[in-house]
Protein chains: 2
Amino acid sequence: MLQNALNQAKSYMKEIVLPEDHVVDATAGNGHDTLFLARLVGKNGKVTAFDIQAAAIDATRERLVREQAIHQVTLYHGSHADLSTVVTLPIRAAMFNLGYLPGADRSITTTSDSTWTAILGTLNLLLPGGRTVIVLYHGHESGKRERERVLQQVADLPQEQFQVLHTAFLNQQNSPPELVVIEKKKQPVR
Amino acid sequence: MLQNALNQAKSYMKEIVLPEDHVVDATAGNGHDTLFLARLVGKNGKVTAFDIQAAAIDATRERLVREQAIHQVTLYHGSHADLSTVVTLPIRAAMFNLGYLPGADRSITTTSDSTWTAILGTLNLLLPGGRTVIVLYHGHESGKRERERVLQQVADLPQEQFQVLHTAFLNQQNSPPELVVIEKKKQPVR
């Protein structure tokens, strides 16, 4: 069976993330992806995870403690738009899972301005060959707008510096999530 | 580095094609993909390869003989629209590399009518879990029209029977090829 967008995102991470790497989870949510990343980088790696909602940070901490993976994770309760001030060293990868926290207040969703600021922040921090992956949920109205905006903005990234891959399921009626993978090129083409 | 559309197509084939399988190369061209498929299915498998151009069939035969992979390949000089009459047993997979034969007469390109007939032909023949992959070159005018038409048509395939994944590079100026992967579901959802 073809992988859904979230599992595709994880596969694109697994291809490049190594033990001891530093990576970013821009949208901790319930901590599923944070845990996935924490295991990829291992005890000597580092994950910096963001979420605007206190409930998300709490749920993520709880999950990481239970799974004995809190050691290598720094949780930041605040907007991922602060990313550039919170993270200053190069990163191998970053992951965005855009939309609202499952089961939580649906009025708090990721918003386009802060999202794009955060995405650009990760692109600046990426090591050559590093990737920022973005899962786009667009079943709800604000998700649709966010999807449109992200797709337009990534299409304008300079091709000398980045590859941008977009994947989508075309024939499903329930707006399944889509994926964007941005890879920083190893050597800028002149 | 992210895989280009052709290498993505090959990866999606490798995931499911087994030795002794029967597969279709709907666009033999210079035989590169035919050889790739012949190696995947092995000596006891079967590849049926189509091309409308005699030069393509000749080039493919020559390559397969040289690479000692002709044994498991049946070459068919004619339109892949004949697929349903030429191939009657179930297949694991089919591959389309749409566009003109590199280096050959550019007035002979795959055309949308025959392409869609052939794609539908493969979908009928696919085993459950089987895949038809389509690489879309749209750097030239007829390729652009063909891309549009294929994307519209695959979006209308019934979601109970098929998953349709589309991948594209968004930020490149030279119209890099895109990919469509159609997978026949193992159990129709009711």
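Residues numbered from 1 in each chain as written. Chains lettered and ligands numbered in written order. Predicted model: local features only at pLDDT ≥ 70, side-chain atom pairs only at ≥ 80, totals over all residues. Heavy atoms only, no water.

With respect to the confidence of the model for chain A
Alright, step 1. Here chain A averages 91 in pLDDT, and 92% of its residues register 70 or above.
Alright, step 2. Among the scores for the predicted complex, ipTM is 0.89 and pTM is 0.91. (pLDDT = per-residue confidence, 0-100.)

Describing the interface of chain B and chain A
Alright, step 1. Counting from both sides, the interface comprises 25 residues of chain B and, opposite them, 25 residues of chain A.
Alright, step 2. Buried surface at the junction of chain B and chain A, summed over both partners, amounts to about 2,300 Å²; 53% is from carbon and sulfur atoms.
Alright, step 3. Area buried by chain B at its contact with chain A is led by Leu 2, Leu 170 and Asn 171 of chain B, which between them contribute 31% of it.
Alright, step 4. If you look at where chain B meets chain A, you find 0 salt bridges.
Alright, step 5. Linking chain B with chain A are 16 residue pairs in polar contact (both at pLDDT 80 or more).
Alright, step 6. Sorting the residues of the side of chain B that touches chain A by element identifies helix 1 (5-14), helix 6 (141-155), strand 6 (162-169) and strand 7 (178-184) of chain B as the ones contributing at least two each.
Alright, step 7. Looking at the side of chain B that touches chain A element by element, the count peaks at 8 residues for strand 6 of chain B.
Alright, step 8. Residues of the side of chain B that touches chain A, tallied by class, amount to 15 nonpolar, 8 polar and 2 charged.
Alright, step 9. Pairing of strand 6 (residues 162-169) of chain A with strand 6 of chain B involves 5 bridges; the strand directions are antiparallel. Each bridged residue has a counterpart across the sheet, and for Ala 168 of chain A the counterpart in strand 6 of chain B is His 166 of chain B. (Contact = heavy atoms within 4.5 Å. Buried area = accessible area lost by both parts, 1.4 Å probe. Salt bridge = Lys/Arg side-chain N within 4 Å of Asp/Glu carboxyl O. Polar contact = N/O pair within 3.5 Å; in protein donor to acceptor, adjacent residues only side chain to side chain. Helix = DSSP H or I, 4+ residues; strand = E, 2+ residues; numbered from the N terminus. Nonpolar A, V, L, I, M, F, W, Y, C, P; charged D, E, K, R; others polar. Pairing = 2+ DSSP bridges.)

Digging into the relation of the copies chain B and chain A
Alright, step 1. Rotating chain B by 180° and moving it 0.0 Å along the rotation axis overlays it on chain A with an RMSD of 0.0 Å. Overall, the copies show the geometry of a two-fold rotation axis. Residue Thr 167 of chain B, judged by its C-alpha, is the member of chain B lying nearest the rotation axis, at 2.2 Å.
Alright, step 2. In this assembly, 100% of the residues forming the interface of chain B have copies in chain A that are likewise at the interface, indicating an isologous arrangement. (Least-squares fit on C-alpha atoms with pLDDT ≥ 70 in both.)

Considerations on the packing of helix 5 (residues 112-125) of chain A against helix 6 (residues 141-155) of chain A
Residues and elements named next belong to chain A.
Alright, step 1. Interaxial distance between helix 5 and helix 6 falls to 10 Å at its minimum, and their mutual angle equals 35°. For the pair helix 5 and helix 6, the sense of crossing is right-handed. In contact with Ser 112, Asp 113, Thr 115, Trp 116 and Ile 119 of helix 5, helix 6 contributes Glu 146, Arg 149, Val 150, Gln 153 and Val 154.
Alright, step 2. Its residues placed into classes, the contact of helix 5 with helix 6 shows 4 nonpolar, 3 polar and 3 charged. (Axes fitted to C-alpha atoms, helices over the stretch in contact; angles between N-to-C directions. Left-handed = near helix turned anticlockwise from the far one by under 90°.)

Topic: the pairing of strand 1 (residues 22-25) of chain A
Residue and element names in this part refer to chain A.
Alright, step 1. In strand 1, alternate side chains face the same way, and those of His 22 and Val 24 on one face and Val 23 and Asp 25 on the other are all buried.
Alright, step 2. Across 4 bridges, strand 1 lies against strand 2 (residues 46-51) in parallel orientation. If you follow Asp 25 over to strand 2, its bridge partner there is Ala 49.
Alright, step 3. One crossover worth recording links strand 1 to the parallel strand 2 by way of helix 2 (residues 32-41), and it is right-handed.
Alright, step 4. Pairing of strand 1 with strand 4 (residues 91-98) involves 3 bridges; the strand directions are parallel. Considered in strand 4, the bridge of Val 24 is made with Ala 94. (Buried < 20%, exposed > 50% of the residue type's maximum accessible area, 1.4 Å probe, protein only. Right-handed = clockwise from strand over helix to strand, strands pointing away.)

Overview of the pattern of salt bridges
Any two side chains of opposite charge can pair, so long as their charged atoms come close to each other.
Residue and element names in this part refer to chain A.
Alright, step 1. Summed over the entire model, instances satisfying the criterion amount to 16 salt bridges over all chains.
Alright, step 2. One salt bridge in this structure joins Arg 39 and Glu 67, with 2.8 Å as the shortest N-O distance. You can see Arg 39 sitting in helix 2 and its partner Glu 67 sitting in the loop between helix 3 (54-66) and strand 3 (73-77), a full 28 residues away along the chain.
Alright, step 3. Across the salt bridge formed by Arg 147 and Glu 178, the nearest N and O atoms sit 2.8 Å from each other. Taken as a pair, Arg 147 in helix 6 and Glu 178 in strand 7 (residues 178-184) lie far apart in primary sequence, 31 residues in all. Here the two residues Arg 147 and Glu 178 agree in accessibility, since each one is buried.
Alright, step 4. Residues joined in a network through salt bridges with shared partners are Glu 15, Arg 131 and Glu 183.

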